[in-house]
Amino acid sequence: MTKEEIELKICEMIKERAPIPSDTIRLDEDLRENYGVDSLVLVELLVEIECAFDITFDSSSLTNEFFSTAGTIADYVYQRLAAAIL
Amino acid sequence: MSAPYEVGAAKSKRSIPDVPRYFVPHVGDCFANAYGAVAKHMGLNPELVLADYLCFMYDEQTEYIGINFLGRYSTSVEFTEEELNSSMEFAYLPPTAIYLEQNKPGLLPEYKDRLQIRLLIQDDPAIAYRRTKELLDAGRPVIAVVDLHGVSYHRAFKREHGIHAVVLTGYDEENQIYELFDKYKLSSSDFDGTLPMEEIMQARSALCLQNNPITGPFSRPVRNLWMELEVGEEFRVTEERIRAIIRQSSLRMKGLQPVHGRVCGLERLEAFRQSLLDKKEIVFDELEVYRFRTYYNRSMKGLSRQRKRFQAFIQEASALISIPGDVCAELNEELEASAMRWDIAANLSLKLGIARKPAILDELCEQLRFIREAETKVVGYLDRCAE
């Protein structure tokens, strides 16, 4: 899976769950501020991402501070998948 | 339900200017947030006068946890003196009382060195209306409690019930509106404007129906609950009281000062951790899912905020009492670490409730172990601060 494909899929998943509706999810925009993704929604989203990509997030990453944007989630997933291939 | 005017009385209005729209991300709950706004309006520093003791409580039987009281589900808005006074050094809260017009509340002389916070109820909306008006006319903002189900600006409107505190700052009888604000952003509240009196009066006298797998269905009548804050004539932020918060926190965390007859602190934290490890073999039914996804998630978020709040208190206190610089910095660091770990634990609890994978319990307990380490260090630094 390419980085762009991961980004696209994650943005789609955020779009479906975001309490503040938006046509597009920008990779660099704050999830809480712009899309209403609070810690509750974030954890639900991360559980869904774990299932979709068959990965597990580190406990310490489960915060709005760590995953403040769609881009940071996509980077994390990309690195996890790349590490699994190696 | 319309505003109950006296026949022939002139319609009046009043607006209190410049009531601080107080909110800090580490505030305890909507009540504390409203107290903060009114305390600031009275010229007080909420970070000091509303500071609560560092503590942790856990009860094996009910599996409830808490800070200075167990986070249980209340079926009423009536609280005893003991229930209301386990958290704050600077404040005194008399037991919830029924407001009577012929016997208006005043300052309690025996607590003249405290910020007095009165919780008042009155089932007659006309009497509650008149007292609200009287307080606003006297330039005193009113902390009024509403059922979120009935306030149109909130996302819970007509969807979920929940008791919530707002600050009324004015009224206009001609236009039948209240001026109010609600800045408790932790529950997506960010309102500052006017609402019809009828809407507020109905929300203040609602039944507030609740249902969850821990308690089953119950109602919690709001009964027009409101709070009145006053400072006693001898109220002072003194070095002695600041040190008392620090000393009391240390005693509670070391299990040397029971709260509501219960030992609290680090030993309870370990007991809680062990109890979670024992859950690895259980079936995650609806009750357990709710416990982790909602109850523990919220409670642990509250613990995370309290550690941040205590950090803010120490910061303010260090300007007023002498604390060695290195102790202050170390204390700050460990409280920060504890707050972060409680936040992660809260999210792991939520994750466990969603994914229902018992393996997540190991991660959760690992976080609680880190918390215990950090808070053990905190207690050591508190003892040095109290010297």
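Residues numbered from 1 in each chain as written. Chains lettered and ligands numbered in written order. Predicted model: local features only at pLDDT ≥ 70, side-chain atom pairs only at ≥ 80, totals over all residues. Heavy atoms only, no water.

Colleague: So what exactly am I meant to see when it comes to the interface of chain A and chain B here?
Modeller: Facing the 14 residues of chain A at the interface are 14 residues of chain B. When the two sides are added together, the surface that chain A and chain B hide from each other amounts to roughly 1100 Å², 60% of it contributed by carbon and sulfur. At the boundary of chain A with chain B, the tally comes to 2 salt bridges. Put simply, B:Arg293 and A:Glu44 hold a salt bridge, and the shortest N to O gap is 2.9 Å. Here chain A is connected to chain B by 5 residue pairs in polar contact (both at pLDDT 80 or more). For the side of chain A that touches chain B, the class distribution of residues is 5 nonpolar, 5 polar and 4 charged. (Contact = heavy atoms within 4.5 Å. Buried area = accessible area lost by both parts, 1.4 Å probe. Salt bridge = Lys/Arg side-chain N within 4 Å of Asp/Glu carboxyl O. Polar contact = N/O pair within 3.5 Å; in protein donor to acceptor, adjacent residues only side chain to side chain. Nonpolar A, V, L, I, M, F, W, Y, C, P; charged D, E, K, R; others polar.)

Colleague: How should the pairing of strand 12 (residues 216–219) of chain B be read in this particular structure?
Modeller: Residues and elements named next belong to chain B. Judged from the 4 bridges that link them, strand 11 (residues 209–212) and strand 12 form a sheet pairing that is antiparallel. The residue bridging Leu209 from the neighbouring strand is Ser219, located in strand 12. In sequence, strand 11 turns back onto strand 12 through a hairpin of 3 residues. (Pairing = 2+ DSSP bridges. Helix = DSSP H or I, 4+ residues; strand = E, 2+ residues; numbered from the N terminus.)

Colleague: How should the side chain of B:Glu334 be read in this particular structure?
Modeller: Turning to its location among the elements, B:Glu334 is positioned in helix 9 (residues 325–355). By relative accessible area, which is 10% here, B:Glu334 ends up buried. (Buried < 20%, exposed > 50% of the residue type's maximum accessible area, 1.4 Å probe, protein only.)

Colleague: Got a minute to help me understand the pattern of salt bridges in this structure?
Modeller: When the charged atoms of two side chains lie near each other, side chains of opposite charge can form a pair. In this structure the tally under the stated criterion is 42 salt bridges over all chains. Salt-bridge contacts for B:Asp362 lead to B:Lys280; the nearest nitrogen and oxygen are separated by 2.9 Å. Here B:Lys280 lies in the loop between helix 7 (266–277) and helix 8 (286–317) and B:Asp362 lies in helix 10 (residues 359–386), a separation of 82 residues in the sequence. On the basis of relative accessibility, which here comes to 36%, the residue B:Asp362 falls in the partly exposed class. B:Glu373 is the salt-bridge partner of B:Arg369, the closest N and O atoms lying 2.8 Å from each other. Of the two residues, B:Arg369 and B:Glu373 both sit in helix 10, 4 residues apart, roughly one turn of that helix. Taking relative accessible area as the criterion, B:Arg369 reaches 31% and is therefore assigned partly exposed. When salt bridges with common partners are traced through the structure, they connect A:Arg17, A:Glu44, A:Glu48 and B:Arg293 into a single cluster.

Colleague: In this structure, what is going on with the packing of aromatic side chains? I would like to understand it.
Modeller: Geometrically, a pair of aromatic rings is defined through the distance of the ring centres and the angle of the planes. Following the criterion strictly, the structure yields 21 aromatic pairs over all chains and no others. Taking 5.7 Å as the distance between ring centres and 25 degrees as the angle between the ring planes, the aromatic pair formed by B:Phe56 and B:Trp342 counts as stacked. Residue B:Phe56 is located in the loop between helix 2 (46–49) and strand 2 (57–58), and its partner B:Trp342 is located in helix 9; the two are separated by 286 residues in the primary sequence. By the burial criterion, B:Phe56 is buried, and B:Trp342 matches it. Counting every residue linked through ring pairs, the aromatic cluster contains B:Phe56, B:Tyr58, B:Tyr64, B:Tyr73, B:Phe272, B:Phe284, B:Phe292, B:Tyr295, B:Tyr296 and B:Trp342. Directly above the aromatic system of A:Tyr78 lies the positively charged group of A:Lys3, at a separation of 5.7 Å from the ring centroid. Above the plane of the ring of A:Phe53 lies A:Lys9, whose end atom (NZ or CZ) is 5.2 Å from the centre. (Phe/Tyr/Trp six-rings, centres within 6.5 Å; stacked < 30°, edge-to-face > 60°. Lys NZ or Arg CZ within 6 Å of the ring centre and 35° of its normal.)

Colleague: Is there a simple way to think about the environment of B:Leu115 in this case?
Modeller: Residue and element names in this part refer to chain B. Within the secondary structure, Leu115 is located in strand 6 (residues 115–121). For Leu115, a relative accessible area of 0% translates into the label buried. C-alpha separation for the pair Leu115 and Val49, spaced 66 residues apart in sequence, amounts to 7.7 Å.

Colleague: Mind showing me how you'd approach the domain arrangement of chain B here?
Modeller: Interfaces are frequently sized by the accessible area removed from exposure as the parts join. All names here are of chain B. Per the domain assignment, the segments of chain B are domain 1 (13–51 + 88–231) and domain 2 (239–386). Distance from the C-alpha centre of domain 1 to the C-alpha centre of domain 2: 29 Å. Each partner contributes to the interface: domain 1 provides 17 residues, whereas domain 2 provides 16 residues. Roughly 1500 Å² is buried in total at the junction of domain 1 and domain 2, and carbon and sulfur atoms are behind 68% of that figure. In terms of surface lost to domain 2, no three residues of domain 1 exceed His26, Glu89 and Pro213, which account for 35% of the buried area on that side. At the junction of domain 1 with domain 2, the criterion picks out 2 salt bridges. Between Arg241 and Asp113 there is a salt bridge whose closest N-O contact spans 2.5 Å. Where domain 1 meets domain 2, there are 6 residue pairs in polar contact (both at pLDDT 80 or more). Here the side of domain 1 that touches domain 2 is composed, by residue class, of 9 nonpolar, 4 polar and 4 charged. (Domains from an automatic or database assignment.)

Colleague: How should the nonpolar core be read in this particular structure?
Modeller: Most often, soluble globular proteins have nonpolar side chains that are buried together. Counting 89 residues, the largest nonpolar core has B:Tyr35, B:Ile117, B:Tyr178, B:Met227 and B:Phe313 as the members making the most contacts within it. Per-element accounting of this core gives the leading share, 7 residues, to helix 1 (residues 30–41) of chain B. Here this core spans two domains, and each of domain 1 (13–51 + 88–231) and domain 2 (239–386) of chain B adds at least three residues to it. Ignoring sequence-local partners within four residues, the contact set of B:Met227 consists of B:Phe31, B:Tyr35, B:Ile117, B:Arg118, B:Leu119, B:Ile143 and B:Val145. Within the second largest apolar cluster, 58 residues are counted, among which are A:Phe57, B:Phe272, B:Phe292 and B:Ile344. (Core = buried A, V, L, I, M, F, W, Y, C linked by side-chain atoms within 4.5 Å.)

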